[in-house]
Each structure stands twice: as structure tokens, then as C-alpha cells.
Amino acid sequence: MNAGLLLDLPHLEDSGAEGIGLFRTELQFIVQPGLPGVKEQTEIYTRILDEAADKPVMFRTLYIGGDKILPYQDGSRTPDENPAMGWRAIRVGLDRPALLRTQLRALLHAAAGRHLAVMFPMVAEVSEFIVARRILDLELTRLARRNVPAPSKLEVGVMFEVPALIWQLEQLMPLIDFVAIGSNDLAQFLFAADRASPRLSERYDVLAPGFLRLLHSLVERFNEAGVRVSLCGEMAGKPLDAMALIGIGFRSLSVAPSAVGPIKLMIRRLDVGELSAYMENLYDSADHSVREKLKDFALDHGFVV
Ligand code: PEP
Ligand code: MG
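Along every chain, residues carry numbers that run from 1 in the direction the sequence is written. Chains and ligands are labelled sequentially in the order written, the chains with letters from A and the ligands with numbers from 1. Thresholds applied to this predicted model are a pLDDT of at least 70 for local features of residues and 80 or more for the giving and counting of side-chain atom pairs; totals over whole chains, interfaces and linings are not thresholded and use all residues. In computing side-chain properties, one takes all heavy atoms of the structure into account and sets aside hydrogens as well as water.

As a further point, take the overall build of the protein chain. We count a stretch as a helix when DSSP gives it H or I for four or more residues in a row; a strand needs E for two or more, and each element gets its number in order from the N terminus. Each helix and strand in the protein chain was counted, giving 13 helices and seven strands. C-alpha atoms define the radius of gyration, and 2.2 Å times the number of residues to the power 0.38 defines the globule rule. Scaling as 2.2 N^0.38, a compact globule of 305 residues should have a C-alpha radius of gyration of about 19 Å, and the protein chain matches this with 20 Å. Considered along the principal axes of its C-alpha atoms, the protein chain spans approximately 60 × 45 × 35 Å. Type-normalised accessible area, obtained with a 1.4 Å probe on protein chains alone, sets the label of each residue: buried when under 20%, exposed when over 50%, and partly exposed for intermediate values. Counting every position in the protein chain, which comprises 305 residues, the buried fraction comes to 50%. It only takes one pair of heavy atoms within 4.5 Å for two residues to be counted as in contact. Long-range pairs, those at least 24 residues apart, make up 69% of the contacts in the protein chain between residues at least 6 apart in sequence. Note on areas: Shrake-Rupley, 1.4 Å probe, and residue coverage restricted to the protein chains presented here. Of the accessible surface of the protein chain, which amounts to about 14,400 Å², a share of 53% is contributed by carbon and sulfur atoms. Across the protein chain, the mean location of the 33 positive side-chain charges is 5 Å away from that of the 39 negative side-chain charges. Under the convention used here, Asp and Glu are negative, Lys and Arg are positive, and both His and the chain ends fall outside the count. Just so you know, the charge point we use is NZ for Lys, CZ for Arg, CG for Asp and CD for Glu.

What follows covers the packing of aromatic side chains. Think of it this way: a Phe, Tyr or Trp ring, Trp meaning its six-membered ring, pairs with another when their centres are within 6.5 Å, and the plane angle makes it stacked under 30 degrees, edge-to-face over 60, tilted otherwise. By the definition in use, this model includes seven aromatic pairs. Consider the rings of Y45 and F59, whose centres lie 5.6 Å apart with planes at 70 degrees: the pair is edge-to-face. Placement of Y45 in helix α3 (residues 38-52) and of F59 in strand β3 (residues 57-60) is noted, with a sequence separation of 14 residues between them. No difference in accessibility class separates Y45 from F59, as the two residues are buried.

Our next topic: the coordination of the magnesium ion (ligand 2). Each angle at a metal carrying four tetrahedral donors should ideally be 109.5 degrees, and each at a metal carrying six octahedral donors should ideally be 90 or 180 degrees. Only Y63 (OH), E161 (OE) and D185 (OD) from the protein reach the magnesium ion (ligand 2) as donors, at distances of 2.0 Å. In this listing, donors mean N, O and S atoms no farther than 2.8 Å from the metal, or 3.2 Å for Na, K and Ca; water is missing from the atoms, so a site can look incomplete. Just to be clear on the cut-offs, tetrahedral is four donors with all angles between 85 and 135 degrees, square planar is four donors and octahedral six with opposite donors over 155 degrees apart and all others between 65 and 115, and anything else goes down as irregular. Note that the magnesium ion (ligand 2) binds six donor atoms; their angles at the metal cover 61 to 169 degrees, and the shape is irregular. Ordering the donors of the magnesium ion (ligand 2) by residue number gives the pattern Y-x97-E-x23-D. In this pair, E161 sits in the loop between β5 (153-160) and α7 (169-172) while D185 sits in helix α8 (residues 183-190), placing the two residues 24 residues apart along the sequence. Its relative accessible area of 2% is what places E161 among the buried residues. Among the residues examined, D185 registers a relative accessible area of 2% and is labelled buried.

Where helix α5 (residues 97-110) contacts helix α6 (residues 126-145), the two axes come as close as 9 Å, and the packing angle between them is 50 degrees. In terms of orientation, α5 lies oblique with respect to α6. When you trace α5 past α6, the crossing you get is right-handed. Here P97, L100, R101, L104, R105, L108 and H109 of α5 lie close against α6, whose contacting residues are A132, I135, L136, L138, E139, L140, R142 and L143. Note on definitions: angles span 0 to 180 degrees between N-to-C directions of axes, and those axes are lines fitted to C-alpha atoms, for helices only across the stretch in contact. Every angle not falling under 35 degrees, over 145, or within 65 to 115 is termed oblique; those three ranges are roughly parallel, roughly antiparallel and roughly perpendicular. If you view the pair so one helix is near and one far, a crossing is left-handed when the near helix is turned anticlockwise from the far one by less than a right angle, and right-handed when it is turned clockwise.

For the rest of this paragraph, the subject is the site of ligand 1. The local shell around ligand 1 holds 14 residues, among which R60, K68, G182, N184 and R195 are the closest. At 3.4 Å, a backbone N or O of G182 approaches an oxygen atom of ligand 1. Here a polar contact means two N or O atoms within 3.5 Å. Within protein one must be a hydrogen donor candidate and the other an acceptor candidate, and residues neighboring in sequence count only if both atoms are side-chain atoms. In the model, an oxygen atom of ligand 1 is placed 2.8 Å from a nitrogen or oxygen of the R195 side chain. Relative to its free-state accessible area of 290 Å², ligand 1 is covered by the protein chains to the extent of 99%. At the level of elements, β2 (20-24) and α8 are the ones that each hand at least two residues to the shell around ligand 1. Under the scheme applied, nonpolar residues are Ala, Val, Leu, Ile, Met, Phe, Trp, Tyr, Cys and Pro; charged residues are Asp, Glu, Lys and Arg; polar residues are all the others, including Gly. For the shell around ligand 1, the residue count by class is four nonpolar, four polar and six charged. Any residue with a heavy atom positioned within 4 Å of a molecule or strand is treated as near that molecule or strand.

So, on to the sheet that holds β2. Two strands are said to pair when DSSP picks up at least two bridges between them. Read from one edge to the other, the open sheet built from seven strands follows the order β1-β2-β3-β4-β5-β6-β7, with strand pairing classed as parallel. At either margin of the open sheet sits one strand with a lone partner, and together these are β1 (2-3) and β7 (228-231). By the bridge criterion, four bridges tie strand β6 (residues 178-181) to β7 in an arrangement that is parallel. If you follow F178 over to β7, its bridge partner there is R228. Those strands touched by α5 are β3 and β4 (115-120), and its axis lies near 160 degrees from that of β4.

A domain assignment, automatic or from a database, supplies the domain bounds used here. Under the domain assignment, the protein chain is made up of domain 1 (1-176) and domain 2 (201-225 + 233-305). Taking the mean C-alpha position of each, domain 1 and domain 2 sit 28 Å from one another. Across the boundary between the two partners, domain 1 contributes 15 residues, which contact 12 residues of domain 2. Note on terms: buried area is the combined drop in 1.4 Å-probe accessible area of two parts once they are placed together, counting the loss on both. When the two sides are added together, the surface that domain 1 and domain 2 hide from each other amounts to roughly 1,100 Å², 66% of it contributed by carbon and sulfur. Salt bridges are identified by distance alone: a Lys or Arg side-chain nitrogen within 4 Å of an Asp or Glu carboxyl oxygen. Remark: the boundary between domain 1 and domain 2 carries one salt bridge. Linking E170 and R221 is a salt bridge whose minimum nitrogen-to-oxygen distance equals 2.7 Å. Put simply, domain 1 and domain 2 have six residue pairs in polar contact (both at pLDDT 80 or more) between them. Looking at the side of domain 1 that touches domain 2, the elements with two or more residues in it are α1 (10-15), β2 and α7. Ranked by residues supplied to the side of domain 1 that touches domain 2, first place goes to β2 with four residues. Of the residues that constitute the side of domain 1 that touches domain 2, the class distribution is eight nonpolar, five polar and two charged.

Written out as C-alpha cells, the structure is:
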């Protein structure tokens with residue numbers, strides 16, 4: 001499931017989710033009166049890992065800027081004309097490495113002796129990942145020098161939200177353990193359509209042939225390379241869209257806690273082989289009929305999505 005606050009943690013048990021596929025760490029920064037330091041962050045991440053117990057948590061590093069503004073952030077900066085495409089997420093972390101180091105240090109401290117999965121958001125070029133990974137390695141070296149126990153297992157991934165990365169998969173895949181596809185931003189940038197614009201909300205469908213074809217090829221590439229892949233955008237939480245994602249090959253989705261039950265219900269009624277074969281014929285549609293055709297498939301197979 002997706003989470004971002006300590007309040008979300010009890011849902012891990014009652015929703016039936018197998019873990020947290022996206023922990024939005026920025027929410028902790030937004031609810032605080034000021035920038036939390038290493039100690040405060042360590043306490044928060046420790047509680048999250050404690051409460052998640054043996055279930056995995058994929059922490060996303062700081063994702064501020066764009067639609068996620070810190071109330072105490074420096075307001076003197078000239079705002080970007082297109083904030084979603086502006087100075088945000090890993091771009092902020094790379095330009096303000098102390099901010100990223102502080103967070104990585106806190107995550108490493110909290111995960112001493114246990115499993116840590118950390119992912120960098122909005123990576124547009126492999127070189128950005130390489131620099132971020134180097135910062136993480138600096139923190140690991142620092143831990144070792146001080147004899148602080150390291151995580152028992154460390155996995156490092158990226159959020160796949162920027163289309164430019166599609167053409168650097170060969171360089172990226174050997175460097176990462178997992179990838180989480182952020183379909184909200186990926187669709188926003190692919191269609192050049194503001195995700196918050198009410199005028200555009202009906203115009204482009206994530207169940208469009210082009211977008212599905214892209215997701216299908218991404219899943220295949222990651223599977224072939226042995227890189228774990230999941231999808232954590234809003235579409236994964238809608239039963240019909242989730243059905244399509246499973247049809248094209250996804251086996252790991254991260255959704256709002258309230259969506260876990262309905263998605264599981266859909267999965268239990270689904271014949272994946274039959275759906276995948278049915279979907280093969282949909283990629284070539286030149287219109288907006290895919291959603292309706294998938295609804296027909298669901299109805300024909302006795303479930304409502
Ligand atoms: C996404 O872009 O799909 C995503 C999960 O990140 P956010 O919605 O927080 O931008
Ligand atoms: Mg995003």
C-alpha cells in the first residue's frame with residue numbers, strides 16, 4: 001500500500017497489504033513546523049519500520065517542490081513557470097546535498113540491522129541516480145567509520161516518472177534493485193497534460209493503447225533484467241485499471257489502503273491468461289475504446305469493476 005504518515009501504519013495490518021510500496025517521506029516534512037533534523041527523522045523512520053515489522057517498506061526520498069511545497073521553504077526563490085517540471089524531488093536533493101544526506105543518514109540509522117529499501121524520485125537521467133547513489137555510499141562509509149551497524153540488507157531503486165529514462169534502461173538496470181513506476185507523473189509528462197487540470201482530466205486515459213504499450217514494454221524489460229518492478233500511481237488503485245496492469249504483466253501494485261480489498265477481490269476472480277490474450281488485441285486500437293472493452297471483459301467474466 002501507499003503511505004506517508006504514521007497514522008497510515010495500522011492500515012498495513014487491516015488492509016491486508018503485503019508491504020508499503022511507496023512511503024511518501026515528504027508528508028512528514030510538510031506536517032512539521034520546520035525542517036526535521038537527523039534525530040527527528042531517525043525517530044520517525046524507526047517507528048515506521050517498527051510498526052511495519054517484517055513487512056517491507058519502500059521509502060521515497062524527499063519529494064518537495066511542484067505540488068508539494070514546504071510551508072517554511074524559502075519563498076524568495078522565483079517560482080518556476082511549470083512547477084511540475086521545475087526544481088523538485090531529486091533535483092532539490094542533488095542541489096542541496098546536505099538535505100539528502102541528512103535524510104539518508106536518518107534512514108540508515110533507523111534501519112540498523114534490518115532491511116532498508118530506498119528509492120529516488122523523478123530521476124530523468126542515469127547520471128542523477130549515480131550521484132544520489134554516491135551520496136548514499138558516503139553515508140554508508142560514515143556509518144562504518146563510526147561503527148554504527150548498517151542495514152542487514154540495502155536495496156536501492158528509482159521511481160520511474162520521467163519518460164527520458166526509457167532510453168537509458170540499459171545503463172540504469174544494472175545499477176538498481178527495484179523500480180516503482182509513478183504512473184501519475186509518467187502519464188502527465190508523456191501526454192504533456194497537467195495532472196491537476198480539470199479540463200484535461202477526461203481527455204487522456206491511462207488505458208490508452210500508447211500508454212499501455214509503454215507500460216507493457218517496461219514490465220518486460222525489467223522482468224528480463226531481474227529488476228523488481230511495481231506501479232504505485234493512482235491507476236493501480238482502480239480495479240479496472242489494476243486489472244489492465246495485471247493483464248500486461250504487473251505482479252506488484254501499491255495502492256491506497258482502502259483500495260487493497262477491492263483490488264484483491266478483482267484478482268481472485270480473474271483469469272490472467274485469458275485477460276492477457278484478450279489484451280493483445282487492444283494495443284492496436286486507434287481510438288478510446290480500450291476502457292470500454294476492458295469493462296466488457298470484466299462483465300463477461302462475472303465481475304463488476
Ligand atoms: C506518481 O507520480 O505516480 C507518484 C506515485 O508520485 P506522486 O503522486 O506522489 O507524485
Ligand atoms: Mg510522482
